[in-house]
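These are the residues of each chain, in order.
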Amino acid sequence: MANRLLKRVRDYAQVRAEGDITLDVSINALEFFEVDPLGLDHTDRRLLRAVIEKFNGGPVGLDTIAAATSEEPDTVEDVLEPFLMQLGFLARTPRGRIVTPQAYRHLGLPVKETPLERVEQEKLF
């Protein structure tokens, strides 16, 4: 992931900054490529929003997420999910993937009862 972003910043610098990669050029490049301060890009945010908006935050299966985002299931599982899980934005449960309250907050969405809270409450009974 970091290497891919570095290559994109390098390409941006070559075209827009005479090849010099400075802090300002790096920030501008990441903004240009819609990478937020946590490293999420458009595809990451699209996946989270799809689960939130189409499936009420989950739980939802891998194939359904892939279909809803027009991504291959392998891409979702091997490329997108690990980083989102590492950030604590996505969780796997026996019933499917769910979006966490941290993801709602990061996307600027109101946090309602989340699937994770529902799963935790179900464990009580």
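Residues numbered from 1 in each chain as written. Predicted model: local features only at pLDDT ≥ 70, side-chain atom pairs only at ≥ 80, totals over all residues. Heavy atoms only, no water.

## Description of the overall build of the protein
Line of reasoning, step 1. From N to C terminus, the protein includes 7 helices and 2 strands.
Line of reasoning, step 2. Walking the protein from its N terminus toward its C terminus, one meets helices and strands in the order α-α-α-α-α-β-β-α-α.
Line of reasoning, step 3. For the protein, the accessible surface area stands at approximately 7600 Å², while carbon and sulfur atoms represent 53% of it. (Helix = DSSP H or I, 4+ residues; strand = E, 2+ residues; numbered from the N terminus. Areas by Shrake-Rupley, 256 points an atom, 1.4 Å probe, with all protein chains shown as cover.)

## With respect to the pairing of strand E1 (residues 90-93)
Every other side chain in a regular strand lies on the same face of the sheet, so the side chains alternate between the two faces.
Line of reasoning, step 1. Note that E1 and strand E2 (residues 96-99) share 4 bridges and pair antiparallel. Along E2, the bridge assignment pairs Arg92 with Arg97.
Line of reasoning, step 2. Linking E1 to E2, which pair antiparallel, is a turn of 2 residues. (Pairing = 2+ DSSP bridges.)

## Digging into the nonpolar core
Line of reasoning, step 1. If you look at the biggest cluster of nonpolar residues, it comprises 18 residues, and the most contacted ones within it are Leu47, Leu48, Val76, Leu84 and Val99.
Line of reasoning, step 2. Every element with two or more residues in this core is listed here: helix H3 (42-55), helix H4 (62-69), helix H5 (73-86) and helix H6 (101-106).
Line of reasoning, step 3. Among the elements that take part in this core, H3 stands out by supplying 4 residues, more than any other.
Line of reasoning, step 4. With residues up to four places along the chain from it excluded, the contact list for Val76 reads Leu47, Leu62, Ile65, Ala66, Thr69, Glu71, Glu81 and Pro82.
Line of reasoning, step 5. With 6 residues, the next largest nonpolar core counts Tyr12, Ala13, Ala17 and Ala29 among its residues. (Core = buried A, V, L, I, M, F, W, Y, C linked by side-chain atoms within 4.5 Å. Buried < 20%, exposed > 50% of the residue type's maximum accessible area, 1.4 Å probe, protein only. Contact = heavy atoms within 4.5 Å.)

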